[in-house]
Amino acid sequence: MFKRNWRDIKPRLAYDGACYVRDYFRRKDKPWLEGGYKVTEYLEWVRQTTVLAGKKIPYHKKNVEEILYIVQGEGIIQVGEEKHRVGKWDAVYIPTETPHTIYSTVENQPLIYMEYGIRTPPEADEVRIEKVSVGEKVEANIRIERWTTKECKPGHNGTCWLYQVFTRDMMEYLLFATMMTVPEVLGYHRHNTEAIYYIDSGEGIVKVGGEEAEVRSGDAIYIPCGVPHRCRSTLEDQPLNVFCQGVAIPYDGEVWVEEDLADVPV
């Protein structure tokens, strides 16, 4: 099982020393890329970024479609002349080639977020990151949503609650961003997506194929396309809250899900 926790990943300075990055996963067809297990098909990176207090990510754009999930702090994302406030539990969708900067607004405290990106188009040869002027005209708009404001709906045949933040029709290549709350045991299922389970809170056990592992907050688990998986909470009084993000395989393919699969012995 491909599982990592930010506590076990050595941070590296990035963006001219404005932040630290902890790389969880990177594309497997680019083994020379810096940091992370090289396991993903399309996801360019899954990483945790810590924007240092008093620092700003340089104003830039890149050929990467991104979702940020805020896990600590409060801050500003600036796009052109517009400034958008963000805080814990916010998810931010940033279309490809959108110039922006990010910084903390809490004195002496960093802004920390999980970052998911896909190269656009996915078959592009390389990632391009370009510093630009704040005065440059901005065509694309970002979206900011908080899962706690969403209506929850039962998912996976009633074994969890889903708070859908972003869906496929809102994005170009990324498929979904959803908070999944598992009070007991999630139904064993599979789908034609590569998915990332990020443990936002709680404790539990994740099963991918025939392999199980204990999980806690800060863990990210890579789930390959078509591999059966589930999770369960191991706390009587708290659910397992999992921020789920994924990409269809192929990225333009029809999405399918198979529910209520027979269990695979560990």
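Up top is the structure.
Once that is clear, we can look at the packing of aromatic side chains. Under the definition given, this model contains twelve aromatic pairs. Judged by centre distance (5.8 Å) and plane angle (65°), the ring pair of tryptophan 89 and tryptophan 147 falls under edge-to-face. Within this pair, whereas tryptophan 89 is found in the loop between β9 (82-87) and β10 (90-94), its partner tryptophan 147 is found in the loop between β14 (143-146) and β15 (153-155), the two being separated by 58 residues in sequence. Sitting above the plane of the tyrosine 188 ring, lysine 207 keeps its charged end 5.7 Å from the centroid. Arginine 230 extends its terminal NZ or CZ atom over the ring of tyrosine 188, reaching a point 5.5 Å from the ring centre.

You can see lysine 137 is positioned in the loop between β13 (129-131) and β14. Through-space distance from the C-alpha of lysine 137 to that of valine 51 is 25 Å; in sequence the pair is 86 residues apart.

A few words on the nonpolar core. Among the nonpolar cores identified, the biggest contains 32 residues, and Ile67, Tyr69, Tyr198 and Phe243 are the most heavily contacted of them. With four residues, strand β12 (residues 111-119) is the single largest residue contributor to this core. Counting residues in hydrophobic clusters, the runner-up holds 17 residues, among them Ile77, Val86, Ile102 and Tyr113.

When its volume is computed, the largest pocket comes out at roughly 400 Å³. Considering the residues around the largest pocket, the lining is formed by 19 residues, among which His156, Leu162, Phe176, Thr178 and His191 are closest to the centre. A breakdown of the residues in the lining of the largest pocket according to their chemical character gives ten nonpolar, eight polar and one charged. Its volume calculated, the second largest pocket comes out at about 220 Å³. Going through the elements one at a time, β3 (19-27), β5 (43-51), β7 (64-72) and β19 (193-201) are the ones with two or more residues in the lining of the second largest pocket.

Next up on the list: the side chain of glutamate 194. Its place among the elements puts glutamate 194 in strand β19. A distance of 2.7 Å separates the side chain of glutamate 194 from the side chain of tyrosine 222, its partner in a polar contact.

Quick look at unusual backbone geometry now. The omega torsion across threonine 120 and proline 121 is -5°, close enough to zero to call that bond cis. Here the amide bond leading from isoleucine 249 into proline 250 is cis, since omega sits at -5°, within 30 degrees of zero. By secondary structure assignment, the location of proline 250 is in the loop between β24 (240-248) and β25 (257-258). Positive phi, close to 50°, is recorded for tyrosine 15, a residue that is not glycine. Locating tyrosine 15 in the fold gives a position in the loop between β2 (12-14) and β3. In this structure tyrosine 15 comes out as buried when scored by relative accessible area, which is 19%. Positive phi values are uncommon outside glycine, yet histidine 156 reaches one of about 45°. On the secondary structure map, histidine 156 appears in the loop between β15 and β16 (160-166). The exposure class assigned to histidine 156 is buried, which follows from its relative accessible area of 17%.

Conventions and cut-offs
- For every chain, the first residue of the written sequence is number 1, and numbering continues from 1 onward in sequence order.
- Selection of residues for local features in this predicted model requires a pLDDT of at least 70, selection of side-chain atom pairs for listing and counting requires 80 or more, and totals for whole chains, interfaces and linings are taken over all residues.
- Calculated side-chain values reflect all of the structure's heavy atoms, with hydrogen atoms and water omitted.
- Any two of the Phe, Tyr and Trp rings considered here, Trp counted by its six-membered ring, make a pair once their centres fall within 6.5 Å; the pair's planes then place it as stacked at under 30 degrees, edge-to-face at over 60, or tilted in between.
- A helix here means a DSSP run of H or I that spans at least four residues, while a strand means a run of E at least two residues long, and both kinds are numbered starting from the N terminus.
- Any Lys NZ or Arg CZ that is within 6 Å of a ring centre and within 35 degrees of that ring's normal is treated as a charge sitting over the ring.
- In this text, buried Ala, Val, Leu, Ile, Met, Phe, Trp, Tyr and Cys residues form a nonpolar core when linked through side-chain atoms within 4.5 Å.
- Each residue's exposure class comes from its accessible area (1.4 Å probe, protein chains only) as a fraction of the maximum for that residue type: buried when under 20%, exposed when over 50%, partly exposed otherwise.
- Put simply, the grid is 1 Å and covers the protein atoms alone, a cavity is a trapped set of points that fit a 1.4 Å probe, a pocket is an open set with protein on both sides within 12 Å along at least five of seven lines, and lining residues have an atom within 4 Å of a point.
- Grid points are joined across faces, edges and corners, and a volume is the space filled by probe spheres set on the points.
- For this classification, the nonpolar set comprises Ala, Val, Leu, Ile, Met, Phe, Trp, Tyr, Cys and Pro, the charged set comprises Asp, Glu, Lys and Arg, and every other residue, Gly included, is treated as polar.
- Polar contact is the term for a pair of N or O atoms within 3.5 Å; when the atoms are in protein, one must be able to donate a hydrogen and the other to accept it, and sequence-neighboring residues count only if both atoms are side-chain atoms.

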